[in-house]
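Notes for the structure review
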Amino acid sequence: MSEMPPNRRFPGNRKPWMRLTSSGMEIAICAIALGVVGLGFDSWLDLEKPYCSAAGGLVGFSLGMVRLIRLATQLNSSQSAPLETTQVTKKNKDRRP
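The text that follows walks through the structure, step by step, so that each part is easy to find. (Residues numbered from 1 in each chain as written. Predicted model: local features only at pLDDT ≥ 70, side-chain atom pairs only at ≥ 80, totals over all residues. Heavy atoms only, no water.)

Structural notes on the overall build of the chain
Each helix and strand in the chain was counted, giving 4 helices and 0 strands. When the elements of the chain are put in sequence order from the N terminus, they spell out α-α-α-α. Here the chain, with 97 residues, has 13% of them falling under the buried criterion. Taking all contacts inside the chain whose residues are at least 6 apart in sequence as the whole, residues at least 24 apart take part in 55%. Of the roughly 8400 Å² of accessible surface on the chain, a fraction of 65% belongs to carbon and sulfur atoms. (Helix = DSSP H or I, 4+ residues; strand = E, 2+ residues; numbered from the N terminus. Buried < 20%, exposed > 50% of the residue type's maximum accessible area, 1.4 Å probe, protein only. Contact = heavy atoms within 4.5 Å. Areas by Shrake-Rupley, 256 points an atom, 1.4 Å probe, with all protein chains shown as cover.)

Topic: the environment of D42
Counting through the fold element by element, D42 comes out in helix 2 (residues 16-45). On the basis of relative accessibility, which here comes to 5%, the residue D42 falls in the buried class. In this structure the C-alpha to C-alpha distance between D42 and S53, which are 11 residues apart in sequence, comes to 6.9 Å. Excluding anything up to four places from it in sequence, D42 contacts L47, K49, P50, Y51, C52 and S53. A polar side-chain atom of D42 sits 3.0 Å from the main-chain amide nitrogen of C52. (Polar contact = N/O pair within 3.5 Å; in protein donor to acceptor, adjacent residues only side chain to side chain.)

Overview of a nonpolar patch on the surface
On the surface, V37, F41, W44, L45, L47 and Y51 cluster together to form a nonpolar patch covering roughly 660 Å² of accessible area. The element best represented in the nonpolar patch is helix 2, accounting for 4 residues. Along the chain, Y51 falls in helix 3 (residues 51-86). Its relative accessible area of 56% is what places Y51 among the exposed residues. (Patch = residues over 30% accessible without salt bridge, like charges linked within 9 Å, V, L, I, M, F, W, Y side chains within 5 Å. Salt bridge = Lys/Arg side-chain N within 4 Å of Asp/Glu carboxyl O.)

Some words on helix 2
Over its 30 residues, helix 2 extends 44 Å from the first C-alpha to the last, a length consistent with the 44 Å expected when each residue adds 1.5 Å. S23, I27, A31, G35, G38 and D42 are the residues of helix 2 that are buried. (Expected span 1.5 Å × (residues − 1).)

See the structure below:
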């Protein structure tokens, strides 16, 4: 069995821009899915105007945006923490014991 590269083994090891790109699809899927649920309620309640569809789409879009903001905040904090602790200055690098 061939070994997979380390960045392909687990989805958590993806590059940050790939994770943010896929979250755009999450926004669309949430908005469409809840819009379709709202459409079902509209037809079940025999409403003339698609009030539930509009509300479902807006709620889905809002939930997708909350997910995107949480992901961006998480990626920002996970990227900035290691840089501060592992940063090596040139003076320390050139010193030899």
